[in-house]
Amino acid sequence: MRSTPPRHHLTAISFAAALLVVSACSDSDEPDIFEATDPVDVTSVAVTSADRWGTGYAVAAHPLADDRMAVVTTAGVYLADGSGDEAREIEAFGGPAQVQASAVSPDGSVLVVATNTPATVRWYDLVEGEPTAALDVGVDGTVREFAFVDATNRLVAVTSTGVVSWDRSAPDAAATPLAEGQIGPIARLDGRIAAPVLDTTELIMTDGVTVDRRSIALPEGATLSIASASPDGGTLGVTSGLGSNEFERTDAVHVIDLATMAPTATIEYDRPIRPLEFAITSTVVATSDGAELTINRLSGETITSASPLPDDPIQSVLATDAGIATVHRSGAVVAWTADEWAPSVLGQGNVTLRFAGAHGADITSVDFDGGITTWGIDDGSRTDDEQFATGEATASAVSTDGGRIAVATAAGIAVVLDDDLAEQTTLVVEGRSPRIDTVEFNPESAEVVTGLAERLGDLAFDDSVNFWDEDTGTPTVTIGGESEDVAGCSFFVNRVGFTPDGTLMSTVSHDFSIGIHDGVTGDYIVTLEPFASSVLDTDFSRSGDLLVASSDDSSVKVWDTEDFELLTSYVAAPGGLQAFELLPDDSTLVASDLSGRLIVMDIMSGEILEVIAELGSRTSAIALSDDGGVVAAPLGDGTVGLWSTTSGEQLTTLTGHSGVVTDLDFGPGDDWLVTASRDGTIRKWDLDTTTS
């Protein structure tokens with residue numbers, strides 16, 4: 001069923017009254033930080049074991065022989081055999097590792113993956129299915145692009161500072177520098193690589209061993225930007241630009257004679273040509289402005305065709321053995337075959353693509369959730385692999401008894417696991433893979449509740465909150481979701497909270513208000529007066545008597561849950577408390593602020609009582625142990641720090657995620673912690689805690 005909120009609000013106390021309340025609190029004796037229930041004095045925390053759920057979501061996929069596929073995810077490298085069975089893990093990254101580039105050798109036997117933090121090139125034997133080497137890049141800057149040169153058994157890489165190569169037969173050897181400079185997108189030819197040096201007329205030709213720098217004859221003032229080759233590696237095209245900025249620049253595509261390195265044909269455009277808007281075959285140059293595809297035959301004829309998907313702009317142009325294909329913003333793929341170059345829509349997309357590559361007459365694409373699709377350009381076939389389509393893990397929750405763990409994802413999926421991380425239930429939100437921003441268990445009934453934060457426009461979000469029937473996998477109650485435009489709503493984070501007995505529930509709306517509901521039925525009780533900007537976080541006190549909320553306008557408000565009288569309102573840290581948890585004393589809270597500080601603050605006055613740590617970057621999630629003795633917070637590199645709330649000492653650092661941690665929760669008894677990450681996985685950390 002769908003609940004509709006009554007349009008009535010409690011009247012907030014006036015600003016002057018709020019100041020009087022704060023002043024009265026400030027004039028009283030300074031509160032004892034832990035006057036009611038002191039948190040336990042924790043002196044050390046050690047990790048005794050760590051388990052992982054999830055493969056991470058795919059960021060690149062490389063088809064191999066025999067229907068196999070090498071898949072690079074945010075969490076590791078996998079081999080899928082095409083049978084639909086679970087893919088085989090070759091390696092888990094086991095720490096911060098943002099994927100920068102990947103490539104497979106032409107014979108399909110070797111995979112290389114470049115990751116950063118630190119900059120590393122990882123080699124894999126795809127015949128044996130095992131990692132063979134991982135080495136520091138050894139050059140300044142990170143790897144942006146790879147290409148194999150079979151003739152010399154070399155791997156060529158473009159870094160942020162130039163071109164280097166490795167001997168494929170000795171992957172653990174250091175890189176060989178080939179050329180310095182800022183390099184544009186490269187082209188793989190038959191036995192050579194063409195690399196344009198940006199803001200010059202120089203084109204680097206290399207086989208990975210020798211380097212030949214050629215100056216291309218361009219119009220006066222024009223400089224090179226992109227290189228692209230036909231699928232057979234026999235035709236080379238480069239783009240040049242003329243103009244002082246993006247608004248004035250006009251580009252041209254030059255077809256290069258590989259023997260003389262002189263342009264044999266030039267096609268001029270009245271706009272810039274960007275890397276994904278240009279492809280070349282042995283007979284045509286194809287470009288797109290988003291709405292149309294222009295085919296320039298090398299013989300001289302020009303054909304311009306409107307996209308068959310006028311409301312779905314073309315994002316990239318690819319050359320295949322069967323012709324030209326365009327990839328559209330929604331993830332749809334259109335084939336344009338020779339002769340009349342008429343379009344044929346191969347399939348509609350649901351999620352924008354992050355990666356698309358041509359392999360013979362096929363295209364393999366990876367969407368932003370990690371879904372992999374192989375498109376047959378010549379026969380119109382389509383094969384989907386959803387086993388890596390989890391998207392980012394956005395939120396986590398632990399049931400009161402610790403027997404169940406829930407994880408939410410940016411792909412519109414929530415998964416309920418047991419405490420051994422075995423999957424029990426999968427809940428899928430209907431629609432175009434909406435982002436689930438929060439997940440919670442009702443403390444009393446253990447019912448799963450999720451909240452969306454799916455952008456629908458510049459000022460509109462789907463902020464629906466769903467109660468789920470796990471037996472049927474369908475929502476039983478839906479709250480909110482009106483998705484109207486709200487002036488000033490540039491971002492939205494969804495938050496759902498329960499009183500400890502599960503009788504009351506709070507929700508937030510992208511109209512800056514907070515709704516109070518019956519925790520069992522979802523029925524509206526009252527809608528609190530909106531903040532002036534987006535709500536950042538909410539939390540009920542351990543007694544259930546107080547509700548505290550923070551906003552992007554830097555304010556904090558505290559209500560009495562008996563009749564939801566506003567007790568106090570004040571301006572806290574600039575930018576607002578990004579995330580907070582109330583300590584067991586019900587008079588103080590631990591919070592992270594916009595500057596990245598982890599602080600202890602008086603609830604009623606906003607006075608900062610202690611700065612526990614400088615996290616280095618802001619975070620929208622922290623977790624407090626049940627006894628209040630330990631606070632856990634993500635650090636910006638995928639690790640998690642744990643601190644004592646009494647001494648401020650950092651107790652340990654948890655390392656294992658390859659992406660930033662988005663949410664975390666202690667299990668009952670405080671002897672384990674669950675973390676969710678942008679790498680699409682969750683981890684359960686068993687903790688050995690020492691107290692004094």
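These lines cover the structure that appears in this document, whether it is placed above or below. (Residues numbered from 1 in each chain as written. Predicted model: local features only at pLDDT ≥ 70, side-chain atom pairs only at ≥ 80, totals over all residues. Heavy atoms only, no water.)

1. Section: the overall build of the protein chain
Right, so step 1: Check the secondary structure of the protein chain and you find 1 helix and 63 strands.
Right, so step 2: Over its C-alpha trace the protein chain gives a radius of gyration of 28 Å, about what one expects of a compact globule, namely 26 Å for 692 residues.
Right, so step 3: Across its three principal axes, the protein chain shows a C-alpha extent of roughly 85 × 50 × 50 Å.
Right, so step 4: A fraction of 44% describes how many contacts in the protein chain between residues 6 or more apart in sequence connect residues 24 or more apart.
Right, so step 5: About 27,200 Å² of surface is accessible on the protein chain, with carbon and sulfur atoms providing 46% of the total.
Right, so step 6: Once the 32 positive and 110 negative side-chain charges of the protein chain are each reduced to a mean point, those two points are 9 Å apart. (Helix = DSSP H or I, 4+ residues; strand = E, 2+ residues; numbered from the N terminus. Rg over C-alpha atoms; globule rule 2.2 N^0.38 Å. Contact = heavy atoms within 4.5 Å. Areas by Shrake-Rupley, 256 points an atom, 1.4 Å probe, with all protein chains shown as cover. Lys, Arg positive; Asp, Glu negative; His and termini not counted. Charge placed at Lys NZ, Arg CZ, Asp CG, Glu CD.)

2. Examining the packing of aromatic side chains
Each pair of aromatic rings is reported with the distance of its centres and the angle of its planes.
Right, so step 1: All chains considered together, the criterion is met by 3 aromatic pairs.
Right, so step 2: Ring centres 5.5 Å apart and planes at 55 degrees place the aromatic pair Y78 and F388 in the tilted group. With Y78 in strand β5 (residues 76-80) and F388 in the loop between β34 (382-385) and β35 (393-398), this residue pair connects regions lying 310 residues apart in the sequence. Each member of the pair, Y78 together with F388, is buried.
Right, so step 3: Aromatic pair F531 and W559: ring centres 6.4 Å apart, planes at 85 degrees, arrangement edge-to-face. Of this pair, F531 sits in the loop between β48 (524-528) and β49 (535-540) while W559 is found in strand β51 (residues 555-560), placing the two residues 28 residues apart along the sequence.
Right, so step 4: Judged by relative accessible area, W559 falls into the buried class, the value being 4%. (Phe/Tyr/Trp six-rings, centres within 6.5 Å; stacked < 30°, edge-to-face > 60°. Buried < 20%, exposed > 50% of the residue type's maximum accessible area, 1.4 Å probe, protein only.)

3. Some remarks on the pairing of strand β27 (residues 314-320)
Regular strands have side chains that alternate between both faces of the sheet.
Right, so step 1: The buried count for β27 comes to 6 of 7 residues, which makes it a mostly enclosed element.
Right, so step 2: Pairing geometry for β27 and strand β28 (residues 323-328), over 6 bridges, is antiparallel. Across the sheet, the residue bridging to L318 is A325, located in β28.
Right, so step 3: Taking the residues between adjacent antiparallel strands as the criterion, β27 and β28 are bridged by 2 residues. (Pairing = 2+ DSSP bridges.)

4. Some points on the sheet that holds strand β54 (residues 588-593)
Right, so step 1: Read across the sheet, 4 strands follow the order β53-β54-β55-β56 without closing on themselves; strand pairing throughout is antiparallel. Edge positions in the open sheet fall to β53 (577-582) and β56 (608-614), since each of these has one partner strand only. When the angles between neighbouring strand axes are averaged without regard to direction, this sheet yields 25 degrees.
Right, so step 2: Direction of pairing for β53 relative to β54: antiparallel, over a ladder of 5 bridges. Pairing of A579 across the sheet is with S592, part of β54. (Axes fitted to C-alpha atoms, helices over the stretch in contact; angles between N-to-C directions.)

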